[in-house]
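Reading the structure
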Amino acid sequence: MRDPGGDVNIRRTARAAYESFWHYFGFVYFGAVGALYGIVASVLHLILPARLRAPLGRRLIGFLFRGFLRMMTASGVMKLDLSALDVLRGQPGLVIAPNHPCLLDAVFVIAHVPEVSCIMKAEIWDNVVLGGGARLAGYIRNDSTNSMVRASAQELRDGRPLLVFPEGTRTRRGPVNQFKGGFALIAKVARAPIQTVFIETDSPFLGKGWPLLKKPRFPLVYRARLGKRLTVDGDLKAFIHQLEVYYRDELSGHAAQRPALVLLAPPRPGRVSPTKLLDASGRLDHLPRTQVVSGTHLVLIPSYNTGEKVVETVRDARSHWNPVWVVVDGSTDGTAEQLREIATRDEGLRVFTLPRNQGKGAAVLHGLREAVAQGYTHALTMDADGQHPAARIPEFMAASEHAPEALILGKPVFDASAPRVRVIGRRVSNGWANLETLWAGIGDSLFGFRVYPIRPLLAVIEVRRWMRRFDFDVEAVVRLVWRGLPPINLPASVRYFRPEEGGVSHFNYVRDNLLLSWMHARLLAEFLLRLPWLAWRRACKDRRT
């Protein structure tokens, strides 16, 4: 008789051997590849003209780091959610300030923002082998505070981002060490904004005091998310203290119970900014989240006969953003009356009612026209049936504020509730959409949880008779990419509710698949006409990058 326990032991042993291989391979990769690259970089540093060294060196280091992360995630020993860092690519003159739980933090940032400059220990910078890459990349030595601050400020003035860890060293005891003042001094001298970044992990691997070759528990999970973007204003010590408190709250899970740190950057035109201020004791006055009203970004929810789910969705969205607008698209289930009654008690909610059902695209169009008339520039659309994660609204809005010209597209993360036929259908539609845009980077063409710049979207939709129903999401993103709007993909969970859970779906497999097929036929025909232009633009972009 076969021994089940023996099979389990064999699998455990095989798994342990597999994990050990990848664990030590990571060190071999950094040791061997780092040494080889250091030698090559030292030679390149000698023979290349100065203007080519730093761009090439940084791009090569970013390439090597991305390769390492891709191998480790493909092996299954790492699980990474770092897509929020992609928003920072191409952002000029910005201090990127993450917390520092482990040695891999710089790898994460440089892999996603390869043009970033770093401050390095002088002994590493001066090392014959290890310092070759740093010298070629033009990274900054930390041996003299004055020269380090001057060099860092110059990098920022020249339009390059700078990576600085406010803690100065890896975190000894969570959530963060006491902050050093160098990062804030650099930002103040250069008059550069500080982008707060939170790196979270479930493992102490390569943290302060971790034995270098000690094997951790796999898989290692890392996530990066963006916080507020700030400028140093007023007393430097008070700013550093308030920022440290902000990091502690965000990383310890208490942020939901505390008021949000108020932006110190000047408000954008049209944005209602909370009143900030340092009182006599040097403390920063705060306003509750629900009082911070955006004058540029709103949440727009089209709704048609979704029952109580729309009320739950709206309440959830309102807990994360202000304002929230709902366009009731001819619903006959009584939800319009419910929502209007809620809106009488909530100034952050506004409800529009269409006399008859016209389709999702038509409902969104109605909301966009009202929004642009009131000075809003961006709208996050989300479904009313509870499938989209309202908790991700602030992150998507922050990404849009940092890259206002971009499309912030949700990339769905499905759970077991997702119908297999729907998942397969998405892959087909995504394949066509990527072909039609020459693989410009659309992660998911159908997922309606996304932030649009309003005026470009209106320019696309108002001149066409289509895009009024289920075809809206796909055609909108394809045509906006054709117009040159860059897509930024951020992961977002999606849940399909069963009917007994209140789930409602108006998707008709015959009607809506025919509608999508007709839409892709039109887009493909137009794509063939646009192909020379799209190919030329893609080639120019590849040359620039």
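Being a predicted model, the structure only gives us computed values, none of them experimental.

Observations regarding the overall build of the protein chain
Across its full length, the protein chain holds 16 helices and 14 strands. Counting across all 545 residues of the protein chain, residues that qualify as buried make up 50%. For the protein chain, the proportion of contacts with a sequence separation of at least 24, taken over those separated by at least 6, is 78%. Total accessible area computed for the protein chain in this model is approximately 26000 Å², and 58% of it derives from carbon and sulfur atoms.

Description of the packing of helix α7 (residues 182-190) against helix α8 (residues 236-252)
Running from N to C, α7 and α8 cross one another at 125°; their axes reach a closest spacing of 10 Å. Considering their axes alone, α7 and α8 lie oblique with respect to each other. As for how α7 packs across α8, the hand of that crossing is right-handed. Facing α7, whose interface residues are F183, A184, L185 and K188, α8 presents L236, F239, I240 and L243. In the contact of α7 with α8, the residues fall into seven nonpolar, no polar and one charged.

Comments concerning unusual backbone geometry
In the segment running from G174 into P175, the intervening peptide bond is cis, with an omega of 0°. Within the secondary structure layout, P175 lies in the loop between β5 (162-163) and α7. The phi torsion at R191 lies on the positive side, around 55°, for a residue other than glycine. Residue placement: R191 occurs in the loop between α7 and β6 (194-201). Residue R191 is classed as exposed on the basis of its relative accessible area, which comes to 78%.

As for the packing of aromatic side chains
Any two aromatic rings considered together are summarised by their centre-to-centre distance and by the angle between their planes. Tallying each qualifying case throughout the model produces 22 aromatic pairs. An angle of 50° between the planes, with centres 6.2 Å apart, marks the rings of F25 and Y29 as tilted. Taken together, the positions of F25 and Y29, both in helix α1 (residues 4-47) and four residues apart, correspond to about one turn of that helix. Judged by relative accessible area, F25 falls into the partly exposed class, the value being 24%. Cluster of aromatic residues (ring-pair linked, three or more members): Y18, F21, W22, F25, Y29, F30, F65 and F68. The aromatic ring of W210 is capped on one face by K214, whose charged end is 4.6 Å from the ring centroid. We note R350 situated over the ring of W325; from NZ or CZ to the ring centre the distance is 5.3 Å.

Thoughts on the pairing of strand β10 (residues 349-354)
Note: strand β9 (residues 324-329) against β10, six bridges, orientation parallel. Within β10, the residue paired with W325 across the bridge is R350. Handedness of the crossover joining β9 and β10 through helix α10 (residues 335-345) is recorded here as right-handed.

Let's talk about the pairing of strand β8 (residues 297-303)
Counting buried residues along β8, seven of its seven residues qualify, which places the element largely inside the surrounding structure. Here β8 shows two buried faces, one formed by H297, V299, I301 and S303 and the other by L298, L300 and P302. Relative to strand β11 (residues 378-381), β8 is paired through four bridges, and the arrangement is parallel. Bridging across to β11, L298 finds its partner in A379. In the sheet, β8 pairs with β9 via five bridges, with the strands oriented parallel. The partner of V299 across the bridge, within β9, is V324. Following the chain from β8 across helix α9 (residues 308-318) to the adjacent parallel β9, one finds a crossover that is right-handed.

Quick notes on α9
Within α9, the full set of buried residues consists of K309, V310, V311, T313, V314, A317 and R318. The secondary structure elements touched by the buried residues of α9 are β8, β9, α10, β10 and α12 (393-402).

Regarding the nonpolar core
Counting residues in hydrophobic clusters, the biggest one holds 83 residues, and the most contacted among them are I96, L104, V299, I301, L380, M382 and I393. If we skip the residues at most four places from it in the chain, L104 touches F68, M78, L206 and Y222. Judged by nonpolar contacts, the second largest core, of 41 residues, contains L354, L368, L409 and L523.

Structural notes on the sheet that holds strand β3 (residues 117-120)
The strand order across the open sheet built from seven strands is β1-β7-β6-β2-β5-β3-β4, with neighbouring strands paired in mixed fashion. Each edge of the open sheet is held by one strand with a lone partner, namely β1 (78-81) and β4 (140-141). Bridge count for strand β2 (residues 95-98) against β6 is four bridges, and the pairing is parallel. Considered in β6, the bridge of A97 is made with T196. Sheet contacts for α8: β2, β6 and β7 (220-230); angle to β6, the most-contacted strand, approximately 30°.

A closer look at the side chain of T381
Structurally, the position occupied by T381 is in strand β11. The residues contacting T381, other than those within four sequence positions of it, are L300, V364, G448, F449, R450 and Y452.

The rules behind each value
Residues numbered from 1 in each chain as written. Predicted model: local features only at pLDDT ≥ 70, side-chain atom pairs only at ≥ 80, totals over all residues. Heavy atoms only, no water. Helix = DSSP H or I, 4+ residues; strand = E, 2+ residues; numbered from the N terminus. Buried < 20%, exposed > 50% of the residue type's maximum accessible area, 1.4 Å probe, protein only. Contact = heavy atoms within 4.5 Å. Areas by Shrake-Rupley, 256 points an atom, 1.4 Å probe, with all protein chains shown as cover. Axes fitted to C-alpha atoms, helices over the stretch in contact; angles between N-to-C directions. Parallel < 35°, antiparallel > 145°, perpendicular 65-115°, else oblique. Left-handed = near helix turned anticlockwise from the far one by under 90°. Nonpolar A, V, L, I, M, F, W, Y, C, P; charged D, E, K, R; others polar. Phe/Tyr/Trp six-rings, centres within 6.5 Å; stacked < 30°, edge-to-face > 60°. Lys NZ or Arg CZ within 6 Å of the ring centre and 35° of its normal. Pairing = 2+ DSSP bridges. Right-handed = clockwise from strand over helix to strand, strands pointing away. Core = buried A, V, L, I, M, F, W, Y, C linked by side-chain atoms within 4.5 Å.

Interpretation note: all reported values are geometric properties and have no functional meaning in isolation.
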